[in-house]
Amino acid sequence: MTVTAPAATGAAGVLAPLLRGLFGSEPPLRLRTWDGGSYGPADAPTVVLRSPRALRRMLWSPGELGLARAYVTGELDVEGDLADGLRRVREAVAGGPGAARPRVDRVRAVRALLRLGGVIGRPPAPPATEARLGGRPHSRGRDRAAISHHYDLSNDFYALILDGSMAYSSAFFEPGDTLAGAQRRKLDMICRKLRLEPGMRLLDVGCGWGSLVLHAAREYGVSATGVTLSGEQKAFVESRSAGLDVTVRLQDYRDVADGPYDAIGSVEMGEHVGRDNYPLYASALHRLVRPGGRVLVQQMSRGAGHPGGGPFIETYIAPDMHMRPVGATIALLEAPGLTFEHAEAMGEHYVRTVREWHRTFESRHAEAVALVGEEMTRVWRLYLVGGALAFEQGRMDVHQVLLRRP
């Protein structure tokens, strides 16, 4: 039986022809506008335009960035399952063979927007939560600012979302695992692959909140050193390292000079070093590990045509990030003289990891708002939901790559 969508009304009725042109058919979402108008299937997630200003943002910044700006400011909202809404839109616009492609008549669109009033005008100021970096990409100063933008947000905020180890990277799940158990399993995998033994020296490049260095020192008896560009992370690790042979330094990976180490780990940090600096990063890993020592890099990957995280991620979460297919990463890591030993795909585990973070985030939403504000909380909701979908749909993956210095 065919269900007829309710008739379009109000401002939504003016926008209806544009949506049909965008999706090539009836839209997969319902639209409700600031004047009470509505259009689209009644049983779908509802996009709420609370102000014509949302459309002005999308007019000045078409695509993902304009939508994100409208969402994080609250000018655009979604009622119902946000993940389902994003999934439906992607399937309709960028899905498989035969899927519709955007083909909005620009002249018709401008005429429609002029009819609405309040849409045409000067570009709205960007939201306060956007990263604003200066300087040459991946200079030491700019890298510090990029890391600080995301990781110095608040240790208390991250503690709301992450498990007790504060591991901010993909876990590795076996049946019955909690998130905490899966993160511990991941840390043990890294330590075993690196063949850690008591008395060995371990370097963690981009140590985060210290989950690896603390676990390796406590459970494997190593002398562990972590380097980070985040002052908040350094303070956190130091608060937990009493009685352990753990040192944490506020230091750029390019400036580490106290090798050789018996083993090196670098967990989801390589995405931040940039395309042009990746050979320097690989050379630093080779230089700092002793002959016969092992290096484990856990890193995100994606297709060659999509090296960044996308406009939203690069504007709000991880400025200047760069990814590539895992094979290209392995080749870059081998170039200075490391020998490839093993790679393990973990994308399916990241889907569950991020969903666990999101579930906890929503259950503690009020606490998050109190710590970082409503706008940043909306940034994080979009980030967690969109991140889980990217791994679910295979647009991104993450791998543990094990190498050895001959």
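Residues numbered from 1 in each chain as written. Predicted model: local features only at pLDDT ≥ 70, side-chain atom pairs only at ≥ 80, totals over all residues. Heavy atoms only, no water.

1. As for the overall build of the protein chain
Quick note on the threshold: By the criteria applied, helices consist of DSSP H or I runs no shorter than four residues and strands consist of E runs no shorter than two, each listed in order from the N terminus. C-alpha atoms define the radius of gyration, and 2.2 Å times the number of residues to the power 0.38 defines the globule rule. Accessibility here uses a 1.4 Å probe with only protein chains present; expressed as a share of the type maximum, an area under 20% marks a residue as buried, one over 50% as exposed, and anything in between as partly exposed. By the convention used here, residues are in contact when the closest approach between their heavy atoms is within 4.5 Å. Counting rule for charge: Lys and Arg are taken as positive, Asp and Glu as negative, and neither His nor the chain ends is counted. One atom stands in for each charge, and that atom is NZ of Lys, CZ of Arg, CG of Asp or CD of Glu.
What the protein chain contains, in helices and strands, is 16 helices and eleven strands. The C-alpha atoms of the protein chain give a radius of gyration of 23 Å, which matches the 22 Å a tight globule of 406 residues would have. With respect to the principal axes defined by its C-alpha atoms, the protein chain has extents near 70 × 45 × 45 Å. Split into buried and exposed, the 406 residues of the protein chain put 53% on the buried side. Considering only contacts in the protein chain between residues 6 or more positions apart, those separated by 24 or more positions represent 69%. Computing the positive centroid from 50 side-chain charges and the negative centroid from 45, the protein chain places the two 5 Å apart.

2. Section: the packing of helix α2 (residues 52–60) against helix α3 (residues 64–73)
Pairs of packed helices are described in terms of their axes, by the angle between the two and the distance that separates them. Using the following cut-off: Geometry is summarised by axes, namely lines fitted to C-alpha atoms with helices restricted to the contacting stretch, and by angles between N-to-C directions that run from 0 to 180 degrees. Our angle categories are set so that under 35 degrees counts as roughly parallel, over 145 as roughly antiparallel, 65 to 115 as roughly perpendicular, and the remainder as oblique. Note on convention: the crossing is left-handed when the near helix lies turned anticlockwise from the far helix by less than a right angle, right-handed when the turn is clockwise. Under the scheme applied here, ten amino acids are nonpolar (Ala, Val, Leu, Ile, Met, Phe, Trp, Tyr, Cys and Pro), four are charged (Asp, Glu, Lys and Arg), and all others, including Gly, are polar.
Interaxial distance between α2 and α3 falls to 7 Å at its minimum, and their mutual angle equals 150°. In terms of axis orientation, α2 runs roughly antiparallel to α3. For the pair α2 and α3, the sense of crossing is right-handed. On α3, the residues that touch Ala-54, Arg-57 and Met-58 of α2 are Gly-66, Leu-67, Arg-69, Ala-70 and Thr-73. Classifying every residue of the contact of α2 with α3 by side-chain character gives four nonpolar, two polar and two charged.

3. Some points on the pattern of salt bridges
Formally: The term salt bridge refers to a side-chain nitrogen of Lys or Arg lying within 4 Å of a carboxyl oxygen of Asp or Glu.
Per the counting criterion, the structure on display carries 28 salt bridges. A salt bridge links Glu-392 to Arg-355, with the nearest nitrogen and oxygen atoms 2.4 Å apart. With a gap of 37 residues between them, Glu-392 in helix α16 (residues 374–392) and Arg-355 in helix α14 (residues 347–363) connect regions that are remote in the sequence. Given a relative accessible area of 33%, Glu-392 falls into the partly exposed group.

4. What about the pairing of strand β9 (residues 289–301)?
The criterion, for reference: Two strands make a pair as long as DSSP finds a minimum of two bridges between them. With the strands aimed away from the viewer, a crossover counts as right-handed if its path from the first strand over the helix to the second runs clockwise.
Counting buried positions along β9 yields ten of 13 residues, so the element is predominantly enclosed. In the sheet, strand β8 (residues 261–267) pairs with β9 via six bridges, with the strands oriented parallel. Counted as the bridge partner of Ile-264 is Val-295 from β9. Considered for its hand, the β-α-β crossover made up of β8, helix α11 (residues 278–288) and β9 is right-handed. In this sheet, strand β11 (residues 397–404) lies alongside β9 in antiparallel orientation, the contact comprising eight bridges. Bridged to Val-295 within β11 is Leu-403.

5. Here we look at the nonpolar core
Definition in use: Think of a nonpolar core as a cluster: buried Ala, Val, Leu, Ile, Met, Phe, Trp, Tyr and Cys residues, connected wherever their side-chain atoms sit within 4.5 Å.
Core analysis: the largest hydrophobic core is formed by 72 residues, its most contacted members being Phe-157, Tyr-168, Phe-312, Trp-357 and Trp-380. For this core, the leading source of residues is α16, giving ten residues. Once residues lying within four places of it in the same chain are set aside, the contact partners of Trp-380 are His-150, Leu-153, Phe-157, Tyr-158, Ile-161, Tyr-168 and Phe-361.

6. A closer look at the sheet that holds strand β2 (residues 38–39)
Spatially, the four strands line up as an open sheet ordered β2-β1-β3-β4, and their pairing is mixed. Of all the strands in the sheet, the pair left with one neighbour each is β2 and β4 (76–79).

7. Considering a nonpolar patch on the surface
Inclusion rule: Patch membership requires more than 30% relative accessible area and the absence of a salt bridge. Residues of like charge join within 9 Å; the nonpolar side chains Val, Leu, Ile, Met, Phe, Trp and Tyr join within 5 Å. For every accessible area listed, the method is Shrake-Rupley and the probe measures 1.4 Å; residues are considered covered only by the protein chains on display.
Residues Leu-59, Trp-60, Val-110, Leu-114 and Ile-120 make up a contiguous nonpolar surface patch of roughly 460 Å² in combined accessible area. Counting only elements with at least two residues in the nonpolar patch, the list comes to α2 and α5 (106–116). With respect to the element layout, Ile-120 can be found in the loop between α5 and α6 (140–151). Ile-120 sits in the partly exposed class, given a relative accessible area of 41%.

8. Structural notes on unusual backbone geometry
A cis amide bond links Gly-259 to the next residue, Pro-260, at an omega of 5°. Within the secondary structure layout, Pro-260 lies in the loop between β7 (246–250) and β8. Although it is not a glycine, His-138 adopts a positive phi angle of roughly 65°. As for its position among the elements, His-138 is in the loop between α5 and α6. Residue Arg-195 is not a glycine yet carries a positive backbone phi of 55°. By the element assignment, Arg-195 lies in the loop between α8 (179–193) and β5 (201–205). Classification of Arg-195 as exposed rests on a relative accessible area of 52%.

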